[in-house]
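Examination of the molecular architecture
Below are the chains, spelled out letter by letter.
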Amino acid sequence: MKIKILAFGITKDIFKGSEIQLEINEYAKVSELKNKLEDDFPEIKKLKSYFIAVDDEYADDDLVLKSNNEIAIIPPVSGG
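Now for a description of the structure that goes with this document. All values reported here derive from a predicted model rather than from experimental measurement.

Cut-offs applied
- Residues numbered from 1 in each chain as written.
- Predicted model: local features only at pLDDT ≥ 70, side-chain atom pairs only at ≥ 80, totals over all residues.
- Heavy atoms only, no water.
- Helix = DSSP H or I, 4+ residues; strand = E, 2+ residues; numbered from the N terminus.
- Buried < 20%, exposed > 50% of the residue type's maximum accessible area, 1.4 Å probe, protein only.

The phi torsion at Y27 lies on the positive side, around 65°, for a residue other than glycine. Of note, Y27 is situated in the loop between β2 (19-23) and α2 (30-40). On the basis of relative accessibility, which here comes to 62%, the residue Y27 falls in the exposed class. With a phi angle near 70°, D56 is a residue other than glycine that sits in the positive phi range. Relative to the assigned elements, D56 resides in the loop between β3 (51-54) and β4 (57-58). Looking at D56, the relative accessible area reads 67%, which means it is exposed.

Printed below as a string of structure tokens:
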């Protein structure tokens, strides 16, 4: 299935845009999405951490994704 992923912060630079389209297996879990992202975009592994949000909620690795989910990559945030 094809999914749209929104990028924020440094991940916009890694993906070279504010969103990307990826093809993943139907019934893929968030953990599988992370593996695909790290295979397709090795620079993301250099981040100290990042989170996957699905439909405006931080997602656990075992959450099964659907094609209509709104998926976002949330990088580490710093500031003061």
